[in-house]
Amino acid sequence: MKPDQLLYPAPAGLYCPSGDFYVDPMRPVARALITHGHSDHARAGHGAVLATRETLDIMAIRHGADFCGTAQAVAFGETIDLSGTQVSFHPAGHVLGSAQIAISAGGIRFCVSGDYKRSPDPTCAPYEPVACDVFITEATFGLPVFHHPDPKGEIGKLLTSLQQFPGRSHLVGAYSLGKAQRVIRLLRDCGYDRPIYIHGSLARLCDYYVSRGIDLGELRPATLEKGDPTDFSGAVIVGPPSAFGERWARRFPEPLVAFASGWMMVRQRARQGGVELPLVISDHCDWPELTETIRDLAPAEVWVTHGREEALVRWCELANIPARPLHLVGYEDEGD
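Residues numbered from 1 in each chain as written. Predicted model: local features only at pLDDT ≥ 70, side-chain atom pairs only at ≥ 80, totals over all residues. Heavy atoms only, no water.

## Thoughts on helix α4 (residues 179–189)
In terms of burial, α4 is largely enclosed, as nine of its eleven residues are buried. Lys179, Ala180, Gln181, Arg182, Val183, Ile184, Leu186, Leu187 and Arg188 are the residues of α4 that are buried. Gly191 sits one or two residues past α4 and shows a positive phi near 95°. (Buried < 20%, exposed > 50% of the residue type's maximum accessible area, 1.4 Å probe, protein only. Helix = DSSP H or I, 4+ residues; strand = E, 2+ residues; numbered from the N terminus.)

Rendered as structure tokens:
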């Protein structure tokens, strides 16, 4: 069997004909395997969904309990037979419940990475390499310019700012799933033990992380309806970036806007977003990690998707590794 007979890009997404399923499909399908809960990968409306327990729970939180017809939870390392095609899920290190999916049939084994990162993150299971013939890698930060710094060093900038400006509220923009919880945990790991205030849209996901054993410390609602704005002087307030352009954000005393994202390496993005304190904290691999992963796995072939595809394809070619871009559309950087 040739690789593109086992798995290939179709209008709805990556399709496996032998197992009759899609991976992270972009429209409703009869059977979907989902790598993780971010909305560009985990859409509602599928007939049947196979994913980790955490991803299924997160989809229910975000889309409602009836997000699909039927749902089946799979444990990391468990192998499931789908019409003679073997599939298994392995930690991706991206967010809670995130998985790489191994797909095997006809003597060929794929690994679909989904989104992944290799740097330590106590809010999710760490990345594990998956031996494969064909590796499908993301390339969100697939350019040599992207070298992400130590996230604890970035949190150190936030802590320094809190000391320098004790009267200002520090609003930290962080995506609702994964990044917000990681930033909160990083603050705790760096010694910040004061209450952290969160936007209401984060509450259910933070509660779920806590229910899965992720200690986030004391969290309080960031609401001003019944309180004095000065109560938030010198406080850390975490919310989705979309909320920072609303009246909600302007109610806090002398708000200092920070944003935690790998894209904060691009200073123009920070300036355009009115970000005073950019924090380069990414939930994706940077360029060295992407190339290191390919070297470690030594696959016979690499397929590159959703990101800066051409540069990583070219790197593979120079390393004598056959590679191709998939040009899939519909995947954004929601999780970063």
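Having seen it, we continue.
## Some thoughts on the pattern of salt bridges
This structure, assessed with the given rule, holds 13 salt bridges. For Asp283, the salt bridge identified is with Lys117, shortest N-O distance 3.3 Å. With Asp283 in the loop between β17 (277–279) and α8 (287–297) and Lys117 in the loop between β10 (108–112) and β11 (134–139), this pair connects stretches of sequence that are 166 residues apart. Residue Asp283 shares its accessibility class with Lys117, and that shared class is buried. The partner of Glu218 in a salt bridge is Arg220, and the shortest N-O contact between them spans 2.7 Å. When its relative accessible area of 41% is taken as the criterion, Glu218 is described as partly exposed. Residue Arg220 is classed as partly exposed on the basis of its relative accessible area, which comes to 34%. Through salt bridges with shared partners, one network takes in Lys117, Asp121, Arg182 and Asp283. (Salt bridge = Lys/Arg side-chain N within 4 Å of Asp/Glu carboxyl O.)

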